[in-house]
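Report on the structure
Residue-level listing of the chains:
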Amino acid sequence: MTSSDVNQDLLRGFIDESSDGLTSVDGLLVKLENNPQDLNLVNSVFRPIHSLKGNAAYFGMMKIKTMAHTLENLLDMVRKGQRTVNRHLIDTLLPGIDSLRSMLAHVRNGEPEVSDPEAYQAIISNVESLLQNAPTEDIAVSQAIMEDQPKGTPETNVHHDKTMRIPEQSLDDFLRCVGELLGVEEMLRHLTRQLNSGIDLSIISANFRDAVTQFEGISKELRTKIMEVRKVEAKVLLQKAPRLVRDVATQAGKKIQVTCHGEEVHIDKSYIDLLDAPLTHMVRNAADHGIESPAQRINNGKAEVGQILVAMSENSDNLQLIVQDDGAGLNYEGLQKKAVTLGIISPNTQLSKKDVVDLLFMSGVSTASQVTDVSGRGVGMDVVKRAIIDAGGQIDVESSPNAGTKFTVTLPRNASTQIFDGYIVRSFANDLFVLPISFVVEAFRMTSETISQVPGKGSMISRRDRVFPMYLLDKILGSSDVLTHIDMAESMGILLNIKGHDVVLAVQDIVGIQKVVNKQVEGHAFNHELFEGAAISGTGQVMMIVNMENLLRQV
Amino acid sequence: MSSRVLIVDDEADIRNSLARRYRLKGFVVDTADNGVSAVKLLSEQPYQVVISDIKMPGMDGIDLLRIIRTEYPMTRVIMMTGYVTLDNGLSCLRHGADTCIFKPLQDLKEIDAAIQRAIDYLQHWELKLLQLKGMGDQSKDPV
């Protein structure tokens, strides 16, 4: 039985579970380095490696078994107090964990476990050298070998058919919903019979309403439940940070302590993938460019050990990922220079916060005065930023000299949140409104000659040999008090096509087109008929999103 | 699923006749003439079933059994012995062999049945594991 003979579902499930188990190991090892006496930590690392060793052979992954076995032997010595935990030990273990991860990823993709036998063997020998009783001198894995092993989570980690563990309770809930759906089906069947039997329509109509209400309830519950199932603990994401920082700190000779908050926050699965690259970038950036060298920090009157905070938090609307360091702060001068060189701003203009974010997340630009090999490659970071913005999020940066830098990624809490292109207009009462762009045909400046009053029909406007009914946005919305002093000729007309009806909507001004995130609004003053929700403009102003079909009904 | 069987015996005749028999029955069969080369083969690919003689030069069958139980706990082991002593039988039982078959092998049905039991046992577990993984995926890619 080679690995291809194993049931593929089982194999995939095993790999995903094992990979998940390994993700926590990085963080645990870094923790262990700081608390060398903590036997519980050793045991927590030992367990996933041990079971991987025991199970890998069953799935035909002999190389993984050997690697896990070697690592287990070393960990066992640590457990028995025959090896002390020090930097060299952790440096030896981490590449082994990386190698396990990348081998699992290879098998997942149907490739052989080991792509580079020499690198594999080098890691094994390195661990084995520590197994021998004689004290060993430092045999560091050469840099060239390290390059071939993906650090942290391998790139190949993106699987289209990744499996996911679901609590049994959720499945039971789904089943219950399905049961209730069958009830609705029965109700509808009954209604069909009633329709054919010539029963009073008012009774049928009442029954029908019942069925619809039932159905609405179930459909809403299913929607909420499925979103819940998609959620996973932010820990999966945040636990990468200590390892990332350690890698940078080790290379740059810095002392950095990482604190993670909000590991228990549940976030949508898709956000884990979305935030993975930005988190890596921000954390590396903070460790590499934010935190100064120990000597420099003491010079600047700060503690020798730099602090990096990685925090996930949520409120009713948003999810926030914060990466904050107490380092030197952004090198605004350097950024300004780069921005000018790249033609983003002219030499005399001041950098705005948005420009700074743009720059930091631009391919090939970094705050480092000297490019180090860890975070000096800003490859594809603009793509990363784009992805966040497309998901309805934003990236902010705050920084002050010698106090540090704080990156904040804000995302709508619900990944299902509706995002669309909004056509933003200003009413005569100076409020902003969003019209879904799919309804907009064209916009034009109106002149008084084209407008006429038709008795019984209201205002009409002629344009290109056609006549359209014209409505004032303010009037539909009920703010008629401004009507008296509006000069129609000064306003903009927007030709809309709503379900086949052409109408012109008069507004004071057109602000522009923007991606908007539909946020649900609650409150008794809110007209649920007329508005779908609200969005926030670039300047922070609230804009109501107009429900076009209901708008047409109101006129 | 074609299961992989490893036959370990220092007597070439027994090794070869068993190998032929189980290849004909559709198994993938490898052979080793001592414990050490069996351990090497075991580290290179997974075996569902190992059939091993007890008395062999170098590493004997009981040592091999012990290694398999710690290193490859999912592999089933069937022991054979020509030295029918209680001690041999108890060693097999103590170290978790599936069964112990006494030589000479006049009726191979006993080994056949032992192999079938081992395979059934593993298939039972595979089914269990699939059930554990939950519904849905099972029908997708039956191998």
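Residue numbering note: each chain is counted from 1, following its sequence as written. To label them, take the chains in the order written and letter them from A, then take the ligands in the order written and number them from 1. In keeping with the predicted nature of the model, local features appear solely for residues at pLDDT of at least 70, side-chain atom pairs appear and are counted solely at 80 or more, and the whole-chain, interface and lining totals rest on all residues. Side-chain descriptors were evaluated using all non-hydrogen atoms of the structure, hydrogens and water having been removed beforehand.

Side note on the nonpolar core
Residues and elements named next belong to chain A. Test applied: To form a nonpolar core, buried Ala, Val, Leu, Ile, Met, Phe, Trp, Tyr and Cys residues must be joined to one another through side-chain atoms within 4.5 Å. Burial here depends on accessible area, computed with a 1.4 Å probe over protein chains only, as a share of the maximum for the residue type. Under 20% is buried, over 50% is exposed, and the range in between is partly exposed. Secondary structure is summarised from DSSP: a helix means a run of H or I of at least four residues, a strand means a run of E of at least two, and numbering begins at the N terminus for each. The criterion used for residue contact is that any of the two residues' heavy atoms lie within 4.5 Å.
Residues Leu275, Ile308, Val310, Met312, Leu321 and Leu411 are the most contacted members of the largest nonpolar core, which totals 45 residues. For this core, the leading source of residues is helix 11 (residues 269-290), giving 9 residues. The residues touching Leu411, leaving out its near neighbours within four places in the chain, are Tyr271, Leu274, Leu275, Asp317, Asn318, Leu319, Ile388, Ala391 and Gly393. Listed in part, the 44 residues of the second largest apolar core include Met61, Ile90, Val107 and Val114.

Section: the sheet that holds strand 15 (residues 501-507) of chain A
Residues and elements named next belong to chain A. Condition: Following DSSP output, two strands are said to pair if at least two bridges run between them. Convention adopted: a line fitted to C-alpha atoms gives each axis, helices being fitted over their contacting stretch, and angles between N-to-C directions are expressed from 0 to 180 degrees.
Taking strand neighbours across the sheet as the criterion, the 6 strands line up as 10-14-15-13-12-11 in an open arrangement whose pairing is mixed. Both edges of this open sheet fall to strand 10 (440-445) and strand 11 (451-454), since each of them pairs with a single strand only. Across the sheet, the axes of successive neighbouring strands diverge by a mean angle of 35 degrees, strand direction being ignored. Bridging between strand 14 (residues 492-498) and strand 15 involves 7 bridges; their strand directions are antiparallel. Paired with Met492 across the two strands is Val507, which belongs to strand 15.

With respect to the pairing of strand 2 (residues 28-32) of chain B
Residue and element names in this part refer to chain B. Applicable threshold: The handedness of a crossover follows from its direction of travel: if, with the strands pointing away from the viewer, the path from the first strand over the helix to the second runs clockwise, the crossover is right-handed.
Here strand 1 (residues 4-8) runs beside strand 2; their pairing, made up of 5 bridges, is parallel. In the sheet register, Val5 faces strand 2, and the bridge partner there is Val29. Running through helix 1 (residues 12-24), the crossover from strand 1 to the neighbouring parallel element strand 2 is right-handed.

Topic: the pattern of salt bridges
Residue and element names in this part refer to chain A. What counts is decided by this rule: The term salt bridge refers to a pairing of a side-chain nitrogen on Lys or Arg with a carboxyl oxygen on Asp or Glu at a separation within 4 Å.
Counted according to the given criterion, the structure contains 35 salt bridges over all chains. Two residues, Arg101 and Asp98, come together in a salt bridge whose shortest N-O distance is 2.8 Å. With a gap of 3 residues between them, Arg101 and Asp98 both fall in helix 4 (residues 87-108), about one helical turn apart. In terms of burial, Arg101 and Asp98 fall into one category: buried.

Comments concerning the pairing of strand 5 (residues 318-325) of chain A
Residue and element names in this part refer to chain A. Within strand 5, 6 of the 8 residues are buried, leaving the element largely enclosed by the surrounding structure. Between strand 4 (residues 306-314) and strand 5, which pair antiparallel and follow one another directly, the connecting turn spans 3 residues. Taken together, the 8 bridges between strand 5 and strand 7 (residues 404-412) define a ladder with antiparallel strand orientation. Its bridge partner lying in strand 7, Leu319 is registered against Leu411.

Observations concerning the packing of aromatic side chains
Residue and element names in this part refer to chain A. Rule in force here: Centre distance within 6.5 Å is the pairing criterion for rings of Phe, Tyr and Trp, where only the six-membered ring of Trp is used; planes under 30 degrees apart are then read as stacked, over 60 as edge-to-face, and the remainder as tilted.
A complete count under the given rule lists 4 aromatic pairs over all chains for this structure. A ring pair is formed by Phe14 and Phe59, whose centres lie 4.4 Å apart and whose planes are at 15 degrees; its orientation type is stacked. Of this pair, Phe14 sits in helix 1 (residues 8-34) while Phe59 sits in the loop between helix 2 (39-56) and helix 3 (62-79), placing them 45 residues apart in sequence. Aromatic side chains Tyr58 and Phe59 sit 5.2 Å apart centroid to centroid with 85 degrees between the ring planes, which places their arrangement in the edge-to-face category. A relative accessible area of 14% places Tyr58 in the buried class. Judged by relative accessible area, Phe59 falls into the buried class, the value being 5%.

Remarks on the side chain of A:Ser427
Among the secondary structure elements, A:Ser427 is positioned in the loop between strand 8 (419-426) and strand 9 (432-436). Looking at A:Ser427, the relative accessible area reads 1%, which means it is buried.

A few points about the confidence of the model for chain A
Atomic detail in the predicted coordinates should be set aside for any region of low pLDDT. Residue and element names in this part refer to chain A. Put simply, the test is: pLDDT gives the predictor's per-residue confidence on a scale running from 0 to 100.
A residue-level look at chain A finds 85% of positions with pLDDT of 70 or above and a mean pLDDT of 80. For chain A, the element scoring lowest by mean pLDDT is helix 6 (residues 143-148), at 39; strand 4 scores highest, at 92. Every residue in residues 134-160 scores below 50 in pLDDT, and together they form 41 contacts with partners more than four places removed in sequence or on other chains. A low-confidence stretch, residues 367-379 (pLDDT under 50), is modelled with 25 contacts involving residues beyond four sequence positions or located in other chains.

What about the packing of helix 7 (residues 168-196) of chain A against helix 8 (residues 201-229) of chain A?
When two helices pack together, their arrangement is given by the angle between the helix axes and by the axis-to-axis distance. Residue and element names in this part refer to chain A. Rules: Working definition: roughly parallel below 35 degrees, roughly antiparallel above 145 degrees, roughly perpendicular at 65 to 115 degrees, and oblique for all remaining angles. Crossings are assigned a handedness: left-handed for a near helix turned anticlockwise from the far helix by less than a right angle, right-handed for a clockwise turn. Here the nonpolar group is Ala, Val, Leu, Ile, Met, Phe, Trp, Tyr, Cys and Pro; Asp, Glu, Lys and Arg are the charged ones; every other residue, Gly included, is treated as polar.
Where helix 7 meets helix 8, the closest approach of the two axes is 10 Å, and the angle between their N-to-C directions is 160 degrees. One finds that helix 7 runs roughly antiparallel with respect to helix 8. As for the relative orientation of helix 7 and helix 8, their crossing is left-handed in sense. Classifying every residue of the contact of helix 7 with helix 8 by side-chain character gives 17 nonpolar, 4 polar and 6 charged.

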